[in-house]
Amino acid sequence: MSIDLASLPDDVEALHALIGDLVRERDSARAEAEAEIARLRGILKTLQRMQFGRRSERLDPDQLQLASRTWPPIWWSWKRPRTQ
């Protein structure tokens, strides 16, 4: 809303009404902006989860088979319980 300062009313009640309108307009615009920010943050979070989430950290079973054939057997010893 653009205000022409030369045409402002002299009446205090009219000025209060004008200020009230401006505040409501600003609050409405701010609420819309905050809602849009929240929506975009949700989209960003979803995209980050898709790119960097737990699914991307899973190992393919073929990778484990390859490791068991190429690495020394000592690597697997940490999985076996120790017998005394």
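Check the entry above for the structure.
This write-up is about the structure you can find in this document.

1. Digging into the overall build of the protein
And then number 1: For the protein, the count of helices and strands is three helices and zero strands.
And then number 2: Secondary structure elements of the protein occur, N-terminal to C-terminal, as α-α-α.
And then number 3: Burial statistics for the protein: of 84 residues in total, 5% are counted as buried.
And then number 4: Total accessible area computed for the protein in this model is approximately 8,300 Å², and 57% of it derives from carbon and sulfur atoms.

2. Considering the pattern of salt bridges
And then number 1: Under the criterion given, the structure shown has four salt bridges.
And then number 2: For the salt bridge of Arg39 with Glu36, the shortest nitrogen-to-oxygen distance reads 2.8 Å. Highlighted residues: Arg39 and Glu36, both in helix α1 (residues 12-52), separated by three residues, approximately one helical turn.
And then number 3: What makes Arg39 partly exposed here is its relative accessible area of 45%.
And then number 4: Note on Glu36: relative accessible area 35%, which makes it partly exposed.

3. Section: a nonpolar patch on the surface
And then number 1: Side chains of Leu40, Ile43, Leu47 and Met50 sit close together on the surface and give an oily, nonpolar patch of about 400 Å² of accessible area.
And then number 2: Position of Leu47 among the secondary structure elements: in helix α1.
And then number 3: Using a relative accessible area of 48% as the deciding quantity, one classes Leu47 as partly exposed.

Calculation rules
- Residues numbered from 1 in each chain as written.
- Predicted model: local features only at pLDDT ≥ 70, side-chain atom pairs only at ≥ 80, totals over all residues.
- Heavy atoms only, no water.
- Helix = DSSP H or I, 4+ residues; strand = E, 2+ residues; numbered from the N terminus.
- Buried < 20%, exposed > 50% of the residue type's maximum accessible area, 1.4 Å probe, protein only.
- Areas by Shrake-Rupley, 256 points an atom, 1.4 Å probe, with all protein chains shown as cover.
- Salt bridge = Lys/Arg side-chain N within 4 Å of Asp/Glu carboxyl O.
- Patch = residues over 30% accessible without salt bridge, like charges linked within 9 Å, V, L, I, M, F, W, Y side chains within 5 Å.

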